[in-house]
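# Structure assessment
Spelled out, the chains give:
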Amino acid sequence: MADERHGRLEAVTDHGQETRSLVFALDAPLRFAPGQFVSCLIPHDGARIVRPYTIASNPEESERIELLLDRVPGGPGSGWLFALPLGGQLAFTGPWGVFTLERAPDAEAVFVAIGTGIAPIRPMLHRASSSATRPLRLLYATTNPVYRDELAALPGVTLELIPPAGVVDAVRARWVDADADRSRRFFLCGVGGVVPRLRDLLRGAGYERRAVQYERW
Amino acid sequence: MAKLTVRHERGEPEQLIEFDPRAAPFQHDGRPASILDVMLGHGAFLEHACGGSCACTTCHVVVREGAAALSPAEENEEDMLDRAVGLTPTSRLGCQAVVEDPDAEIVVVVPRHTVNLVSGTHG
C-alpha cells in the first residue's frame, strides 16, 4: 500500500449550496504537480473506501491542499467530506495522476473546464501563467464559476464563461471550424461523457492525440 | 473456472486465483471481472489510487499469457497507459481489462513501479 498521509480540516468555503472548497493543513509538506489528485480514504460501512479528489490549490503552497467538490446525492465520499467538521482528520494517499502540466506549453493552450472540472485547471493555469509566451485560453462551462475572478486576473489568461450545455458547440466553433491551425494544446476536465466527446471531436479534426489531454470524472 | 496467476516484480510470492468471471463483481472497485476486481475480491492487493475508474496508472499490469481472453483496450485506457512507467506492448490497466472467457488462463506481472509523478523543482 502507498504511504498514508493526514490532513486537518482548516477552512471551508461554500460556493452555493452543493459545491464546497475544503482546505486541509497537512501533517508534512506534499510535493505534487499541478493537476494531480489525492486518494481520500473515506470511512464507510465499517471499512474504508478510496475516493480520488483533485488538488485545486498550487504546489507552491505545500503545507496545505484545497479540494473542490460537488455534493453527490447518496455519494459516500462527498457526503462524508461535506459532513466533516473543522478540525476533523482526513486520511489520504498520493499525490497521484498523470493529467498534469509542469510548465507553459510552447503552443497556444486551451483549457476546457466543465463545472468543478476547474479544480486541476486552476493550479495548471497558475503554473502556465508564470512562464507563458503563448496565449492561454480558459473556456469555463458552468453556472457556478468558482475561481473566476482569480483566474481571469492571471497574466496571459483569457477567460470565457459559457453554459455547460453549449460546450461541444463552442469548442467546435472556436478551434475546429474557425481555422486550420492544429498546433494548439488542449486540457479538458469534467464529469461524464462530454469529456470523451470533446476528445473525439478534437482528435477527429486533426489535433494530435497527445495534444489533447483530458481527465474524465 | 478461470485462472489468474499474479507475479510481482518486487518479489512477493506468486498468487494463483481460480474464479468464475460470471460471478463478478467480486468487490466494488474497477470494472466487474476486471483483473483488479478479481485480485481485490480474492485477497490479492493491487494499487488503484483512483478507485478503479481509469483515471490513473497505478493498477498497471503486464499480461504475459492469456491476453486474448481479455476485453480489448478502449481509448481511455490507451491514453492512460501512454503515461505509465515501464509500458510494454502487453501492458493493461487492471481496472479495465475484463476477463471474458470463463476458461481463461491468464498470467500477469505487477511492475515494480507505479507512477507517482511529482514535480522535481517545486517544494
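What counts, and where the lines are drawn
- Residues numbered from 1 in each chain as written.
- Chains lettered and ligands numbered in written order.
- Predicted model: local features only at pLDDT ≥ 70, side-chain atom pairs only at ≥ 80, totals over all residues.
- Heavy atoms only, no water.
- Helix = DSSP H or I, 4+ residues; strand = E, 2+ residues; numbered from the N terminus.
- Buried < 20%, exposed > 50% of the residue type's maximum accessible area, 1.4 Å probe, protein only.
- Contact = heavy atoms within 4.5 Å.
- Lys, Arg positive; Asp, Glu negative; His and termini not counted.
- Charge placed at Lys NZ, Arg CZ, Asp CG, Glu CD.
- Patch = residues over 30% accessible without salt bridge, like charges linked within 9 Å, V, L, I, M, F, W, Y side chains within 5 Å.
- Areas by Shrake-Rupley, 256 points an atom, 1.4 Å probe, with all protein chains shown as cover.
- Salt bridge = Lys/Arg side-chain N within 4 Å of Asp/Glu carboxyl O.
- Pairing = 2+ DSSP bridges.
- Axes fitted to C-alpha atoms, helices over the stretch in contact; angles between N-to-C directions.
- Phe/Tyr/Trp six-rings, centres within 6.5 Å; stacked < 30°, edge-to-face > 60°.
- Lys NZ or Arg CZ within 6 Å of the ring centre and 35° of its normal.
- pLDDT = per-residue confidence, 0-100.
- Buried area = accessible area lost by both parts, 1.4 Å probe.

Time to look at the overall build of chain A. What chain A contains, in helices and strands, is 5 helices and 11 strands. When the backbone C-alpha atoms are referred to their principal axes, chain A occupies close to 55 × 35 × 35 Å. In chain A, buried positions account for 55% of the 217 residues. Counted over contacts in chain A with a minimum sequence separation of 6, partners at least 24 positions apart contribute 68%. A gap of 4 Å separates the mean positions of the 25 positive and 25 negative side-chain charges of chain A.

With respect to the secondary-structure elements, His48 of chain B resides in the loop between helix H1 (35-41) and strand E3 (60-65). Relative accessible area serves as the criterion here: at 11%, His48 of chain B is assigned to the buried category. The residues contacting His48 of chain B, other than those within four sequence positions of it, are Val50 of chain A together with Asp29, Leu36, Leu40 and Thr58 of chain B.

Here the focus is helix H5 (residues 194-204) of chain A. Each turn of an α-helix holds 3.6 residues, which means side chains three or four residues apart point in the same direction. Counting buried residues in H5 of chain A gives 8 out of 11 residues, a clear majority hidden from the surface. Along H5 of chain A, the positions that sit buried rather than exposed are Val194, Val195, Pro196, Leu198, Arg199, Leu201, Leu202 and Arg203 of chain A. Structurally, H5 of chain A contributes buried residues whose contacts are with strand E7 (109-114), helix H4 (167-175), strand E10 (185-190) and strand E11 (212-216) of chain A together with helix H2 (75-81) of chain B. Among the residues trailing H5 of chain A, Gly206 of chain A stands out with phi positive, at a value near 115°.

On to a negative patch on the surface. Side chains of Glu65, Glu100, Asp101, Asp103 and Glu105 of chain B sit close together on the surface and give a patch of like negative charge. Inspection of the secondary structure puts Glu100 of chain B in the loop between strand E4 (91-93) and strand E5 (105-110).

All names here are of chain B. The 5 strands are arranged E2-E1-E5-E3-E4 in an open sheet whose pairing can be described as mixed. The strands lining the two open edges of the sheet, one partner per strand, are strand E2 (15-19) and E4. For this sheet the average axis-to-axis angle between neighbouring strands, irrespective of direction, equals 35°. Here 3 bridges tie E3 to E5, and the two strands are oriented antiparallel to one another. When the bridges of E5 are listed, Val62 appears paired with Val109.

Right, let's talk about the packing of aromatic side chains for a bit. When we look at a pair of aromatic rings, we describe it by the centre distance and by the angle of the planes. On inspection of all chains with the given rule, the structure shows 4 aromatic pairs over all chains. Ring centres 6.2 Å apart and planes at 90° place the aromatic pair Phe19 of chain B and Phe26 of chain B in the edge-to-face group. Chaining the aromatic ring pairs together yields one cluster made of Trp175, Phe186 and Tyr207 of chain A. Sitting above the plane of the Tyr147 of chain A ring, Arg122 of chain A keeps its charged end 3.8 Å from the centroid.

Attention shifts here to the pattern of salt bridges. Tallying each qualifying case throughout the model produces 27 salt bridges over all chains. Through salt bridges with shared partners, a single ionic network connects Arg199, Asp200, Arg203, Arg209 and Arg210 of chain A together with Glu75, Asp79 and Asp82 of chain B.

Let us now look at the confidence of the model for chain B. For chain B, mean pLDDT is 90; residues scoring 70 or higher make up 92% of the total. Confidence over residues 117-123 of chain B falls short of pLDDT 50; this stretch has 22 contacts with residues more than four positions distant or in other chains.

This next bit is on the environment of Arg172 of chain A. Residues and elements named next belong to chain A. Relative to the helices and strands, Arg172 is located in helix H4. A residue is classified by how much of its surface remains accessible, and Arg172, at 31% relative accessible area, is partly exposed. Separated by 29 residues in sequence, Arg172 and Leu201 have C-alpha atoms that sit 7.6 Å apart. Excluding residues within four positions of it along the chain, Arg172 makes contact with Asp177, Ala178 and Leu201.

Between chain A and chain B, the contact holds 31 residues from the first and 27 residues from the second. Both sides together, the interface formed by chain A and chain B hides about 2500 Å², and carbon and sulfur atoms give 47% of it. Broken down residue by residue, the surface that chain A buries against chain B is led by Arg31, Trp96 and Val98 of chain A, which jointly contribute 26%. One salt bridge connects Asp82 of chain B with Arg210 of chain A, and the closest N-O pair in it is separated by 2.8 Å. Those elements giving two or more residues to the side of chain A that touches chain B turn out to be strand E3 (37-44), strand E4 (47-54), strand E6 (89-96), H5 and E11 of chain A. For the side of chain A that touches chain B, the leading source of residues is E11 of chain A, giving 4 residues.

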